[in-house]
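Architecture and fold: a report
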Amino acid sequence: MTKKAFVAIVTCFNNDETINYEATRAQVRRQVAAGNNIMCAGTNGDFSALTHGEKVKLLEEVVDEVGGKVDVIVNAGMPATFETLQLAKEFDRIGVTGIAVITPFFIACAQDGLIRHFSTVADAVNTPVYLYDIPARTQNHIEPETARKLATHGNIAGIKDSGGAQETLAAYLQVSKEVEGFEVYSGPDHLVLWSLQNGAAGCISGLGNAMPDVLAGIVGGFNSGNIAEAERQQEIYTAFRTDLYAHGFPPAMVKRALYLQDSSVGASRQPALLADSEQDKKIVEILKKYDLLLGQRG
């Protein structure tokens, strides 16, 4: 099976913090040109700072720009099942490859509650649903046994693992081996190649916003059987991740690095931390190190 690279694309903003749809479309075109698929309204897309209506319009713009050239997954997850359902139904109407549902945040959930939450959403739409686990941000974790139970639902197609632990990713991959048709997409940027080698269907990466060609190179190298090239690209990707994430919250660092490549993407909505001049200098040095300024790479 051909593996797929998705980029959890940023949402671009104007100076007044309204969404800059044209700049967002330009980022979509950039990723499509690199050979990457799109995840919309994810963690790197400032989804928690977007209104219901903005998410719907954002997806419409992205799907229109993609024009069927690549796959699109969109995140519908919200704290309450009620609002998640409303979004999922809108996304189902628009038409996408998959609807990701991040675990509820703020509201502590038992595993039985998570099963009800995800099953209710999957029952209500025709589009395949993907579980989305990122416990560091939501404080709710999909246990591997819970994933195994949900994997048998006819409309739950897989899981995006953004927990960062190789052990948990391995457990989800084991579920995919036991339940036919259940796909695992890895989120940790340093585990892209490892996950592909161990049965993942692909990856969904935020770092690819700033380094799209290298992400595509990892997955493309694997798909073509050129493992040496995939390993080389993974080493670059991991090193860039280590350098960049040393300076702050990963999604904010990715957005700032992209902003310093192309200011049209804008800053994140407040209260997201804005970089100061000293931090910007450090990020610029990292971008120079990897030839990422002025279009030198990807």
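Let us look at the structure shown here. (Residues numbered from 1 in each chain as written. Predicted model: local features only at pLDDT ≥ 70, side-chain atom pairs only at ≥ 80, totals over all residues. Heavy atoms only, no water.)

1. Topic: the side chain of S186
What counts, and what does not: Where helices and strands are cited, they refer to DSSP runs of H or I of at least four residues and of E of at least two residues respectively, numbered from the N terminus. Any N or O atom pair separated by 3.5 Å or less is treated as a polar contact, with the protein-specific requirement of one donor-capable and one acceptor-capable atom, and with residues adjacent in sequence counted only for side-chain atom pairs. Two residues qualify as a contact provided that any one of their heavy atoms is within 4.5 Å of a heavy atom in the partner residue.
Tracing the chain through its elements places S186 in strand β7 (residues 183-186). Among the polar contacts made by the side chain of S186, one reaches the side chain of S195 at a distance of 2.9 Å. In contact with S186, not counting residues within four places along its chain, are D161, L169, L191, V192, S195, G202, C203 and I204.

2. Some words on the nonpolar core
Applicable threshold: Residues belong to one nonpolar core when they are buried, are Ala, Val, Leu, Ile, Met, Phe, Trp, Tyr or Cys, and are joined through side-chain atoms within 4.5 Å. Working definition: with a 1.4 Å probe on protein chains only, accessible area under 20% of the residue-type maximum means buried, over 50% means exposed, and in between means partly exposed.
By size, the foremost hydrophobic cluster in this structure holds 65 residues, and its most contacted members are F91, I99 and F182. Setting aside anything within four residues of it in sequence, one finds I99 in contact with V74, A76, A88, F91, D92, V125, T127, P128, V129 and Y130. Of all hydrophobic cores here, the second largest spans 30 residues; its members include V7, L193, L196 and L207.

3. Focus: the pairing of strand β2 (residues 37-40)
Going by this rule: Paired strands, as defined in this entry, are two strands with at least two bridges between them according to DSSP. A clockwise path from the first strand over the helix to the second, with the strands pointing away from the viewer, defines a right-handed crossover.
Residue alternation in β2 divides its side chains into two sets, N37 and M39 and I38 and C40, and both sets are buried. Here strand β1 (residues 4-8) pairs with β2 via three bridges, running parallel. Counted as the bridge partner of V7 is I38 from β2. In this fold, the crossover linking β1 to β2 by way of helix α1 (residues 21-34) has right-handed handedness. Note that β2 and strand β3 (residues 72-75) share three bridges and pair parallel.

4. Re the environment of A100
Note that A100 resides in strand β4 (residues 98-102). A relative accessible area of 2% places A100 in the buried class. A sequence separation of 58 residues divides A100 from G158, and the C-alpha atoms of the two residues are 9.1 Å apart.

5. What about the pattern of salt bridges?
So the rule is basically this: We count a salt bridge whenever a side-chain nitrogen from Lys or Arg sits within 4 Å of a carboxyl oxygen from Asp or Glu.
Counted according to the given criterion, the structure contains 17 salt bridges. Here K4 ties to D71 by a salt bridge, and the two come within 2.5 Å at their closest N and O atoms. Pair noted here: K4 is in strand β1 and D71 is in the loop between α2 (52-66) and β3, with a separation of 67 residues, a long-range link. The partly exposed category is assigned to K4, whose relative accessible area is 32%. For D71, a relative accessible area of 19% translates into the label buried. When the shortest N-O distance is used, the salt bridge between R93 and E60 registers 3.5 Å. With a gap of 33 residues between them, R93 in helix α3 (residues 81-94) and E60 in helix α2 connect regions that are remote in the sequence. Residue classification places R93 among the exposed residues on the basis of a relative accessible area of 52%.

6. Side note on the side chain of R256
By secondary structure assignment, the location of R256 is in helix α11 (residues 250-261). On the basis of relative accessibility, which here comes to 16%, the residue R256 falls in the buried class. Here the side chain of R256 touches D280 through a polar contact of 2.8 Å, side chain to side chain.

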